[in-house]
Amino acid sequence: MLSRDVAEKVRNFHSTFEAYTPTPLARLNNLATHFGLREVLVKDESYRFGLNAFKVLGGSYAVGEYLARKLGKSITEVSCDSLKSQEVRAAVGDITFASTTDGNHGRGLAWAAQQFNHKAIIYMPKGSDPVRLENIKSHGAQCTISELNYDDCVRMAWDTAQKNDWVTVQDTAWDGYTEIPNLIMQGYTTLALEALEQMQAIDVNRPTHVLLQAGVGCFAGAMLGFFMSVFGKDAPTFILVEPEAANCFYASACANDGKPHAVYGDLATLMAGLACGEPNPTSWEILRDYPLAYASCTDDIAAKGMRILGAPIKGDQQVVSGESGAATIGFLNWIMQEEEGCEAREKIGLNENSKVLCISTEGDTSPQTYRDVVWFGREKL
Ligand SMILES: Cc1ncc(COP(=O)(O)O)c(C=O)c1O
């Protein structure tokens, strides 16, 4: 499901969008030296489709596949242009795509629906940033902030969509709803394939460690699945990073009974994109077995990551990284620099030979929060 062949097919589809261009891979040599590592590579998803986050890769691919299947075609037989043509529009009729989002997925879905002249209705959990809401609306979607936490909002959106005959494009799965979430995971593999090619171009043929942030775990599951299928037994060590307030994979790993465990409540964290309390069951099956370590981070860790990337050591490239995007660099800083991180660092095998890949999954998607953190030293929600 996440093989290189699949990734090539997905990337071919994404390449048909005018906005498509591979996002940069920043090679932070001075930060690597500072941390005592061989390489620190950061894929900068703030450049993705002009939308400031990687998420659009999933929504656009799922919508593309949905439309292609409705036409009785394979994704390889359609393109962005063909799907927006009047003939296709007439053949598939009016479609409304619906979803819940902390911001990035909903913006990506709204954008994709707009590309193909369809409607999108997006719900956000309570406490969502109004700027993120406005960004979603700017792509012609209807969008509202609810009084529910993320997981309850997903259920409400699904029920509403079912009653209205809308097509739910949700970036998490549950019993009986797996096809679209799996397509979304496949959509993310464009990013992994680009990273692989970019690393090979600079002779880093295989990262030794890949740090992955998780909300519902689709992103981390997709990256891990891709790298496992490419590298097999030589696969890198994976480290999963979550906010403490929504650490469902960490809690599940601690429970050690092979089952996914949810965490409940407001899931209040600065890392809005990672504020999900229920693991996606498909990702859980991947993320249960392969990461070597599960990290549960307080908000200040992500805040430090944002500052480290935003104000780099002279000579290193700047990466504008938002709260969820910078969580992994924040964790890398903690484990390499703090006394408390010493034992874990050794167990995970992070040392002067390590080539570490992180993905800054978003830019400053909440500009005010970004400035509060990077300019004015904010450390928590
Ligand atoms: C910026 C960002 N990074 C990472 C993630 C995590 O993705 P997932 O929910 O698939 O684990 C999200 C999810 O919305 C996100 O917005």
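Here is what the cut-offs are and how they apply
Residues numbered from 1 in each chain as written. Predicted model: local features only at pLDDT ≥ 70, side-chain atom pairs only at ≥ 80, totals over all residues. Heavy atoms only, no water. Helix = DSSP H or I, 4+ residues; strand = E, 2+ residues; numbered from the N terminus. Rg over C-alpha atoms; globule rule 2.2 N^0.38 Å. Buried < 20%, exposed > 50% of the residue type's maximum accessible area, 1.4 Å probe, protein only. Contact = heavy atoms within 4.5 Å. Areas by Shrake-Rupley, 256 points an atom, 1.4 Å probe, with all protein chains shown as cover. Salt bridge = Lys/Arg side-chain N within 4 Å of Asp/Glu carboxyl O. Right-handed = clockwise from strand over helix to strand, strands pointing away. Pairing = 2+ DSSP bridges. Domains from an automatic or database assignment. Buried area = accessible area lost by both parts, 1.4 Å probe. Polar contact = N/O pair within 3.5 Å; in protein donor to acceptor, adjacent residues only side chain to side chain. Near = heavy atom within 4 Å. Nonpolar A, V, L, I, M, F, W, Y, C, P; charged D, E, K, R; others polar. Phe/Tyr/Trp six-rings, centres within 6.5 Å; stacked < 30°, edge-to-face > 60°. Lys NZ or Arg CZ within 6 Å of the ring centre and 35° of its normal.

**Q** Would you take a moment to explain the overall build of the chain for this structure?
**A** Within the chain one finds 16 helices and 10 strands. Taking 21 Å as the expected radius of gyration for a compact globule of 381 residues, we find that the chain reaches 19 Å, a close match to that expectation. By its C-alpha atoms, the chain is 60 × 45 × 45 Å across when sized along the principal axes. When burial is assessed residue by residue, the chain has 59% of its 381 residues classed as buried. Nonlocal contacts in the chain, meaning residues at least 24 apart in sequence, comprise 73% of its contacts between residues at least 6 apart. Accessible surface for the chain amounts to roughly 14,900 Å². Of this, 46% is attributable to carbon and sulfur atoms.

**Q** Help me out: how do you make sense of the pattern of salt bridges in this one?
**A** Charged atoms that come close allow side chains of opposite charge to pair. For the coordinates displayed, the defined rule picks out 23 salt bridges. The salt bridge partner of Arg48 is Glu194, with a shortest N-O separation of 2.8 Å. Placement of the pair is Arg48 in the loop between strand 2 (39–44) and helix 3 (56–70) and Glu194 in helix 9 (residues 179–201), with a sequence separation of 146 residues. According to the relative accessible area criterion, Glu194 is buried, its value standing at 2%. Between Asp171 and Lys55 there is a salt bridge, and its shortest N-O distance comes to 2.7 Å. In this pair, Asp171 sits in the loop between strand 6 (167–168) and helix 9 while Lys55 sits in the loop between strand 2 and helix 3, placing the two residues 116 residues apart along the sequence. There is no split in this pair, since Asp171 and Lys55 are both buried.

**Q** Would you take a moment to explain the pairing of strand 4 (residues 119–124) for this structure?
**A** Note on strand geometry: in a regular strand, side chains alternate between the two faces of the sheet. The buried count for strand 4 comes to 5 of 6 residues, which makes it a mostly enclosed element. Regarding the hand of the β-α-β motif, the stretch spanning strand 3 (residues 96–100), helix 6 (residues 104–115) and strand 4 is right-handed. Pairing analysis gives 4 bridges linking strand 4 to strand 5 (residues 142–145), with the strands arranged parallel. In the strand pairing of strand 5, Ile121 is matched with Gln142. For the crossover that starts at strand 4, traverses helix 7 (residues 130–137) and ends in the parallel strand 5, the hand is right-handed.

**Q** Looking at this model, I keep getting lost on the domain arrangement of the chain. Mind explaining?
**A** Accessible area lost when the parts come together is the quantity often used to give the size of an interface. Structurally, the chain comprises domain 1 (4–55 + 181–374) and domain 2 (56–174). Each of domain 1 and domain 2 has a C-alpha centre, and the two are 24 Å apart. The partner domain 2 presents 40 residues to the 43 residues of domain 1 that form the contact. Taken together, the two surfaces of domain 1 and domain 2 that pack against each other cover about 3,300 Å², and 63% of this comes from carbon and sulfur. Together, Phe13, Leu51 and Lys55 form the three largest contributors to the area buried by domain 1 at its contact with domain 2, with a combined 23%. Across the domain 1-domain 2 interface, the total number found is 5 salt bridges. Counting every contact that joins domain 1 to domain 2 gives 19 residue pairs in polar contact (both at pLDDT 80 or more). For the side of domain 1 that touches domain 2, the secondary structure elements donating two or more residues are helix 1 (4–14), helix 9, helix 12 (281–287) and helix 16 (367–374). No other element matches the 8 residues that helix 9 contributes to the side of domain 1 that touches domain 2.

**Q** When you look at the side chain of Thr365 in this model, what are you seeing that I'm missing?
**A** In this fold, Thr365 is placed in the loop between strand 10 (355–360) and helix 16. A polar contact is formed between the side chain of Thr365 and the side chain of Arg132, at a distance of 2.9 Å. Among the polar contacts listed, one links the side chain of Thr365 to the side chain of Glu362, at a separation of 2.7 Å. Each residue touching Thr365, except ones within four places of it in the same chain, is listed here: Asn52, Ala53, Asn104, Val131, Arg132 and Asn135.

**Q** I'm lost on the site of the ligand in this one. Help?
**A** The environment of the ligand is made up of 15 residues, and the closest members are Asn104, Gly215, Gly217, Phe219 and Thr361. Within the contact set of the ligand, an oxygen atom lies 2.7 Å away from a backbone nitrogen or oxygen of Gly215. Within the contact set of the ligand, a nitrogen atom lies 2.7 Å away from a side-chain nitrogen or oxygen of Thr361. Bound to the protein, the ligand loses 97% of the 390 Å² it would expose on its own. For the shell around the ligand, the per-class residue count stands at 6 nonpolar, 7 polar and 2 charged.

**Q** How do you make sense of the environment of Asn29 when you look at a structure like this?
**A** Relative to the assigned elements, Asn29 resides in helix 2 (residues 29–35). For the pair Asn29 and Leu41, spaced 12 residues apart in sequence, the C-alpha to C-alpha distance is 8.5 Å. Setting aside chain neighbours within four positions, we find Asn29 in contact with Glu39 and Asp316.

**Q** Would you mind showing me how to read the packing of aromatic side chains here?
**A** Where two aromatic rings form a pair, the distance of their centres and the angle of their planes describe that pair. Counted by the stated rule, this structure contains 19 aromatic pairs. Aromatic side chains Tyr188 and Phe219 sit 6.5 Å apart centroid to centroid with 65° between the ring planes, which places their arrangement in the edge-to-face category. With Tyr188 in helix 9 and Phe219 in helix 10 (residues 218–231), this residue pair connects regions lying 31 residues apart in the sequence. In this structure Tyr188 comes out as buried when scored by relative accessible area, which is 0%. The aromatic ring of Trp375 is capped on one face by Arg371, whose charged end is 5.8 Å from the ring centroid.

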